[in-house]
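Coordinates in review
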Amino acid sequence: MVTVDKPKRKYDFRSIEGKWQKAWQDQNLYAAPDIPDADNKFYMLVMFAYPSGDMHMGHFRNYIIGDAVARYEMMQGKAVLHPFGWDAFGLPAERAAIDRDIHPRQWTQENVTVSRATLQKAAISYDWSREINSSEPEYYKWTQWLFIQLFNKGLAYRKRGFVNWCPTDQTVLANEQVKDGRCERCDTLVEKKDQVQWYFKITEYADQLLDDLDNLPDWPDSVKTMQREWIGRSHGAEVDFTIEDTGEKLPIFTTRPDTIYGVTFMAIAPESEIINRLNLEPEYAEAVADYQMQALRRSEIERAAATGEKDGVFTGKYAVNPYNGERVQLWVADYVLAGYGTGVVMAVPAHDTRDFAFARKYDIPIKVVIHPNADTTLEVATMEDAFTDYGPMVNSDRFDGLASFEAVKTVTDYAAQQGFGRHKINYKLKDWLISRQRYWGCPIPIIHCDKCGQVPVPEADLPVELPDVKNFLPKGRSPLADVPAYMNVACPKCGGEAERDPDTMDTYACSSWYQMRYTDPHNDQAIFNKDVASAWLPIDLYVGGITHATGHLIYFRFFHKFLRDLGLVNVDEPVTRLVCLGMVQDETGVVMSKSKGNTVSPGPLMDEYGIDITRLAMFFTAPTEKEVVWSGATMVGVQKFVHNKLFPLIENYRGSKPDLKQRFKLEEMNEYERSIFVKLNQTIKRVSDDIVRLQFNTAIAALMELLRDYDSANISSDQLNDCLVLKTIQLAAPLAPHVAEELWHQSGFEESVFRSEWPVYDPEAIVGDLIEIAVQVNGKLRDTVRVAAEADQADTGHHFS
């Protein structure tokens, strides 16, 4: 046995970290190739970052998880794309700038500088040559180009309607940006406001967005469920009732056409334009107007809730049911939302709980048209609630006796034959409202001309640059409308006087295609090269928060499919595997947030303990998908592990320079060697599996257990001992990169540990027990061999006859 005297080594993280960060930079270790081998690439991405200040432990957790995976994939021999950039436009940056009385551009640039420095200090393995910033003209030129492509395809359009309005931010909000009736940014109660706005026609892709969720097995079920419910596809019938006074058709959507004969009133959403065409008598008009104002102060969540008493107001008007010619009362009720179906619903009190309560409250007739079964009848006088299940139809003319499942189709077919109805698919998903009446955003590239209408800015004139203005405070309309030098332009078609659109885009428009720009970030001739993008896409692992389930994670799927239809990408979905992280909470259990003032910065911890110990402490705290209650106490135990076990491991290296692919035979080992060799292989398997599953806490636990049991003095083979030391260093590398790189080079290697090949476990050595097998030849005992208890004939290499 060769013994090498080595002095005790102290883990001086300050000198070690700086040394290896410079070396990695000099080696260009993190640079991704322009075009990878499509079969040997890994695209690792963490969600676009808001530059709203320096990062806290929640951000730190996201970034080190992505970093560990990227480093692991490097050691798998993959070409790794691990980029970073800034989602720099939007309300958070603008509001923060207003609070500090500085320009949003200045605030954004300062925060980008600070955050970038922290990320580089933390040695996150980003390819900084691909850094992008959504507020830079070279980026938002292509956001505007995308808008124009959508416009040219009829998927970007402008219309008037009631929108979500945040009175604090003085801007409209998309439905996805309203949470429990409040602005997701500032928690202000959202109001309804009648305005002309721009929309993206995401509903055109509703079926694809829904159906393709079935092709995403590596997405969390919770996210897929939320998206399915948000898209909300339902099959039913659209039936044309008729307004009695005017003869105007009043189409309604229903999933229960089998109850059509039980309609006794119809409920109209307070925002519906239909109300303006009813020609209400004065005695009803004033009450309806008052009710409309009252209803618009309530959130959609509150209005649509299944619980709580519902109210409404009678219009004095009637519609006619085309099936039986009966008159049906027309009411305005705020439990109907303008965005669902046609904004009018048929009410069947006997067979809908909400309608039943409403009818009882306002003494509206109730008519039973479904019985539970042929032997059970319902009497209105004795009903305490609606009967909502299926059953045979009654009081329904020619359809009496039909079972309800069959009746749904039959009743709808009849309407189609008679010309007053049709089969219909309806969606909860509504088109994406993307215009914002704020300054700090991507300008909408449309020019309004009295003669030519809406004219897209010519591609040669892109980007439409956001002007540098002093007065950018919100005022209920875009501050850009008050900048004549920006607004007044010549029409690209006729050359006449025209005006730019004053609004800016929702910041989600900027973050819905950024993942593609990373593949070709410096292209000034195209949004990206399609061959380059196709080589890198889809993203192999996307890490972020579940809060984006019905926002960004739907929007960027929509943009991806649209770009696919333009022929620019060749896969249907942007991401293969999505992982949603648990939030990081302070010691009181409150989620860390700058707005709450309870954040903990990783900077001071890295200064005191070092980067790797800070990383390991965060990894060790909880599984990736679970919430983390952060406590600095975790640092102490991890620090002891690094100082007392991991870093001193090199003192046991004997300098034998073993072949790390060599096979060792269990039967040639002593009892301790066999047990520690089995432990090593079990650890390789555990750490490999745990990194793939992002269960870093158990990966660290496995390393701790291995080093707890390791005792070099009991290993006689230098090759076996040194293999164990080197493979342990490799296993630690994605988790503690500076420590591992230092130990790897102290072992005599010149190339980075991240260029070494990830250890592979010996399948014969992951079980601890050996058994003796008799070797017989022609029935005579010739020898005995010791093999792993679970080995088969192929594993042992011995052939029997």
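Quick caveat, the model's predicted, so the values are computed rather than measured.

**A look at the overall build of the protein chain**
Within the protein chain, the secondary structure is distributed over 24 helices and 29 strands. Projected onto the principal axes, the alpha-carbon positions of the protein chain cover approximately 105 × 80 × 50 Å. Classification of the 801 residues of the protein chain by burial places 56% in the buried group. Considering only residue pairs separated by 6 or more positions, the protein chain has 74% of its internal contacts joining residues 24 or more positions apart. By element, 47% of the accessible surface of the protein chain is carried by carbon and sulfur atoms, the whole surface being about 33,800 Å².

**Details of the domain arrangement of the protein chain**
What the domain assignment reports for the protein chain is domain 1 (143–201 + 431–508), domain 2 (234–426), domain 3 (605–765) and domain 4 (769–800). Each of domain 1 and domain 3 was reduced to a C-alpha centroid, and the two centroids are 54 Å apart.

**Regarding the pattern of salt bridges**
Once their charged atoms are close, side chains differing in charge can pair, the charge on each being opposite to the other. A complete count under the given rule lists 45 salt bridges for this structure. One salt bridge connects Arg 693 with Asp 690, and the closest N-O pair in it is separated by 2.6 Å. The class for Asp 690 is buried, based on a relative accessible area of 6%. If you follow the salt bridges from partner to partner, you end up with Lys 679, Arg 686, Glu 705, Arg 708 and Asp 709 in one network.

**Remarks on the layout of surface pockets**
To find leftover empty space, a probe the size of one water molecule is rolled over the atoms. When its volume is computed, the second largest pocket comes out at roughly 1,800 Å³. What lines the second largest pocket is a set of 49 residues, and nearest its centre among them are Tyr 50, His 59, Arg 185, Met 583 and Ser 593. Those elements giving two or more residues to the lining of the second largest pocket turn out to be helix H2 (57–75), helix H3 (91–100), helix H4 (104–121) and strand S24 (539–544). Along the lines of polarity and charge, the residues of the lining of the second largest pocket split into 22 nonpolar, 16 polar and eleven charged.

**Regarding unusual backbone geometry**
Backbone torsion omega between Leu 462 and Pro 463 reads 0°, so that peptide bond is classified as cis. Position of Pro 463 among the secondary structure elements: in the loop between strand S20 (453–456) and helix H12 (484–487). Pro 538 follows Leu 537 through a cis peptide bond whose omega is 0°. By secondary structure assignment, the location of Pro 538 is in the loop between helix H15 (530–536) and S24. In this model, Asn 28 sits at a positive phi of 55°, which is unusual for a non-glycine residue. Looking at the element boundaries, Asn 28 is found in the loop between helix H1 (13–27) and strand S1 (41–46).

**A look at the sheet that holds S1**
Read across the open sheet, the four strands follow the order S2-S1-S24-S25; overall the sheet is parallel. Either end of the sheet is taken by a strand with one partner, and the two such strands are strand S2 (79–81) and strand S25 (575–580). In this sheet, neighbouring strand axes are inclined to one another by 20° on average, regardless of whether the strands run parallel or antiparallel. Alignment of S24 against S25, held across five bridges, turns out to be parallel. Paired with Tyr 542 across the bridge in S25 is Leu 578.

**Let's talk about the packing of aromatic side chains**
Taken as a whole and assessed by the stated rule, the structure comprises 51 aromatic pairs. Judged by centre distance (5.5 Å) and plane angle (45°), the ring pair of Phe 89 and Tyr 140 falls under tilted. Placement of the pair is Phe 89 in the loop between strand S3 (85–86) and H3 and Tyr 140 in helix H5 (residues 137–152), with a sequence separation of 51 residues. Taken as a pair, Phe 89 and Tyr 140 share a single burial class, namely buried. Arranged with centres 4.5 Å apart and planes meeting at 15°, the rings of Tyr 139 and Trp 513 form a pair that is stacked. Of this pair, Tyr 139 sits in helix H5 while Trp 513 sits in the loop between helix H13 (507–510) and helix H14 (514–517), and the two are 374 residues apart along the sequence. Owing to a relative accessible area of 2%, Tyr 139 belongs among the buried residues under this scheme. Classification of Trp 513 by relative accessible area gives buried; the value is 0%. Here a set of aromatic residues connected by ring pairs shows up, and it is made of Phe 147, Phe 151, Trp 198, Phe 200, Tyr 205, Trp 432, Tyr 508, Tyr 555, Phe 558 and Phe 559. Stacked on the ring of Phe 754, the Lys or Arg Arg 71 has its end atom at 4.7 Å from the ring centre.

**Details of the confidence of the model for the protein chain**
In the predicted model, the protein chain carries a mean pLDDT of 91, and 93% of its residues have values of at least 70. A low-confidence stretch, residues 1–7 stays under pLDDT 50, and its non-local contacts, those more than four residues away or across chains, total eleven contacts. Predicted confidence for residues 793–801 stays below pLDDT 50, and this span has twelve contacts to residues more than four positions away or in other chains.

**What to know about the nonpolar core**
Core analysis: the largest hydrophobic core is formed by 101 residues, its most contacted members being Tyr 63, Trp 630, Phe 696 and Ile 729. Counting residues in each nonpolar core, the second largest holds 93 residues, with Ala 32, Ile 148, Ile 446 and Trp 536 among its members.

**Regarding the environment of Ala 237**
Relative to the helices and strands, Ala 237 is located in strand S10 (residues 234–243). Ala 237 gets classed as buried once you look at its relative accessible area, which sits at 1%. Through-space distance from the C-alpha of Ala 237 to that of Thr 255 is 6.4 Å; in sequence the pair is 18 residues apart. Excluding residues within four positions of it along the chain, Ala 237 makes contact with Ile 252, Phe 253, Thr 254, Pro 257, Thr 412, Arg 422 and Lys 424.

**As for the sheet that holds strand S9 (residues 191–200)**
Spatial ordering of the open sheet is given by S6-S5-S9-S17, a layout of four strands whose pairing is antiparallel. Looking at which strands have only one partner, the edges of the open sheet turn out to be strand S6 (171–173) and strand S17 (432–433). Sheet topology places strand S5 (residues 156–166) next to S6; three bridges connect them, and they run antiparallel. From the neighbouring strand, Asn 164 faces S6, where its bridge partner is Leu 173.

Reading guide: rules and limits
- Residues numbered from 1 in each chain as written.
- Predicted model: local features only at pLDDT ≥ 70, side-chain atom pairs only at ≥ 80, totals over all residues.
- Heavy atoms only, no water.
- Helix = DSSP H or I, 4+ residues; strand = E, 2+ residues; numbered from the N terminus.
- Buried < 20%, exposed > 50% of the residue type's maximum accessible area, 1.4 Å probe, protein only.
- Contact = heavy atoms within 4.5 Å.
- Areas by Shrake-Rupley, 256 points an atom, 1.4 Å probe, with all protein chains shown as cover.
- Domains from an automatic or database assignment.
- Salt bridge = Lys/Arg side-chain N within 4 Å of Asp/Glu carboxyl O.
- 1 Å grid on protein atoms, 1.4 Å probe; cavity = no way out; pocket = protein on both sides within 12 Å on 5 of 7 lines; lining within 4 Å.
- Points joined across faces, edges and corners; volume = space filled by probe spheres on them.
- Nonpolar A, V, L, I, M, F, W, Y, C, P; charged D, E, K, R; others polar.
- Pairing = 2+ DSSP bridges.
- Axes fitted to C-alpha atoms, helices over the stretch in contact; angles between N-to-C directions.
- Phe/Tyr/Trp six-rings, centres within 6.5 Å; stacked < 30°, edge-to-face > 60°.
- Lys NZ or Arg CZ within 6 Å of the ring centre and 35° of its normal.
- pLDDT = per-residue confidence, 0-100.
- Core = buried A, V, L, I, M, F, W, Y, C linked by side-chain atoms within 4.5 Å.

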